[in-house]
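Single-letter residue listing:
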Amino acid sequence: MELMNRDCSMLPRDFASTSESVFKQDPRLISAINKLYGRNEKDDSNSEIVLPERKLNFEEVQKMLNKSSKDTEKAPSTYLQERSNIRKELIKNIEKILEKLNSSAENGDTPILLLRNQRLWSNCVYDLNRVTLKAFADAKKTTLSYSNREDKTRFNAVVFVLTKVHELLLKNLSVTRRELFYQNVTRLRNQANLDIAVRDVCCLLQTPPWNLGIMATAKGLIAGHIQLQLRDGSYVDCFGAGGTLIPQDVNGIKEFRSTAKYILVVEKDAIFQKLLDEGALVRLGPVIILTGKGYPDVCTRQLLCRLVNELRLKALALVDADPHGYEIFLTYKYGSLAQSHLSQSLACSSLQLLGARHGDVMTLAEKEARLKLTALDKKKIVSLLKRPYLDTAVGFNIKKDLEEMLASGVKAEIEALSPTAAALCDFYLPSKIMQGKYLG
């Protein structure tokens, strides 16, 4: 272990082509990683544009034609001008909403807010390989009335967030959700109410929270052959022990510098740390490893999407072979119901499942290490099987895995497939990469 840590510390910090490490990778693994990396080495002019099965409006066509990984290379003046225009437009929209509410109250009418219902899968469409909230005109609505006792807390929370966002935009400031919560604990009561209010405001204004100056508290970690240039021009080197906390302001990352050939998304922090301790950055490298520490937060999902799009790297997922592991993989890949209005920035549609698959459990895990599905597990699988994106060519095989898990009645964690972390790093993961049979 000490030798592996020494090898990691001796690697170059500038990511330039240098002398070889003492550790020698299996030539077959090197070939598989190169093949994985080479899948994205294509001329963009010949790549196909995926179109949804519906008519596109003019703005959508323009966005697709202008879409390019070079968007982040805009001149600073252009970027600042765009940000300024977005701020001005949002300020106007917020003032219109608040003015309408005040006018209703002054005229003796009950103030109401009309929102798209984000609790219904029927309000989403599988569009451009991700879950997307239907347009306002087509979606089922939720009406929040100030006079309704059940709606009052949520209504007040939305108005509070709107007024605070208006203040943030005017002053060009930003806050975390936690800071915003402590500005009015009495009205909000708990953090969950604020999170719902932020989601409602984003849906109402049709913009992501980072455009409103509201930053999510990051919990995910990143490690590997990569440096991040932050908004202030400083660089963060992610090749360190224990990983690096993902920045809260992912949108403010100006540049990625990396020699990695693929990305490994790990479900659990425990596995993430074990892989780093076993020298996975060398043994499985050059690689970028991410973890959202369970169900991923917005920052982790946003960063994964940016890395895949801007570095043009393939991303693979490593999760538990249980209903929650598959749901976490699906959240990264297709997006979540609660954040369906942000799927363009949060759903990584090209993500594929490396492991652990149900088939791996049945062939590799000892019977003692296999766990029985609980009643809640079975309910979770049935719920997942109903998701509309699994009724597609890509989703068919994922659905098949879930059906087999339900029929067998067993599940297993990643640890059940390898007796030690060293075996996971040196045998299970390399063999899966060399096989190249990814799900999704």
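This text follows the structure it describes.
Residues numbered from 1 in each chain as written. Predicted model: local features only at pLDDT ≥ 70, side-chain atom pairs only at ≥ 80, totals over all residues. Heavy atoms only, no water.

A. Structural context of the side chain of aspartate 360. Structurally, aspartate 360 is set in helix H14 (residues 358-364). Looking at aspartate 360, the relative accessible area reads 11%, which means it is buried. In this structure the side chain of aspartate 360 is engaged in a polar contact, spanning 2.7 Å, whose partner is the side chain of tyrosine 428. Residues in contact with aspartate 360, not counting those within four places in the same chain, are Gly355, Ala365, Leu417, Tyr428 and Lys432. (Helix = DSSP H or I, 4+ residues; strand = E, 2+ residues; numbered from the N terminus. Buried < 20%, exposed > 50% of the residue type's maximum accessible area, 1.4 Å probe, protein only. Polar contact = N/O pair within 3.5 Å; in protein donor to acceptor, adjacent residues only side chain to side chain. Contact = heavy atoms within 4.5 Å.)

B. Spotlight on helix H11 (residues 298-311). Taking 1.5 Å as the rise per residue, H11 with 14 residues should run 20 Å; its terminal C-alpha atoms sit 20 Å apart, in good agreement. Summarising burial for H11: 11 of the 14 residues are buried, a large majority. Turning to H11, its buried residues number three or more, namely Val298, Cys299, Thr300, Arg301, Gln302, Leu303, Leu304, Cys305, Arg306, Leu307 and Val308. Backbone nitrogen of cysteine 299 and a side-chain oxygen of the N-cap are separated by 3.3 Å at the start of H11; the cap is aspartate 297. (Expected span 1.5 Å × (residues − 1).)

C. Region of interest: the pairing of strand S7 (residues 221-224). Residues Leu221 and Ala223 point to one face of S7 and Ile222 and Gly224 to the other, with burial holding for every one of them. With two bridges connecting them, S7 and strand S10 (residues 244-245) associate as antiparallel partners. Along S10, the bridge assignment pairs isoleucine 222 with threonine 244. Sheet topology places S7 next to strand S13 (residues 287-291); four bridges connect them, and they run antiparallel. Considered in S13, the bridge of glycine 224 is made with isoleucine 288. (Pairing = 2+ DSSP bridges.)

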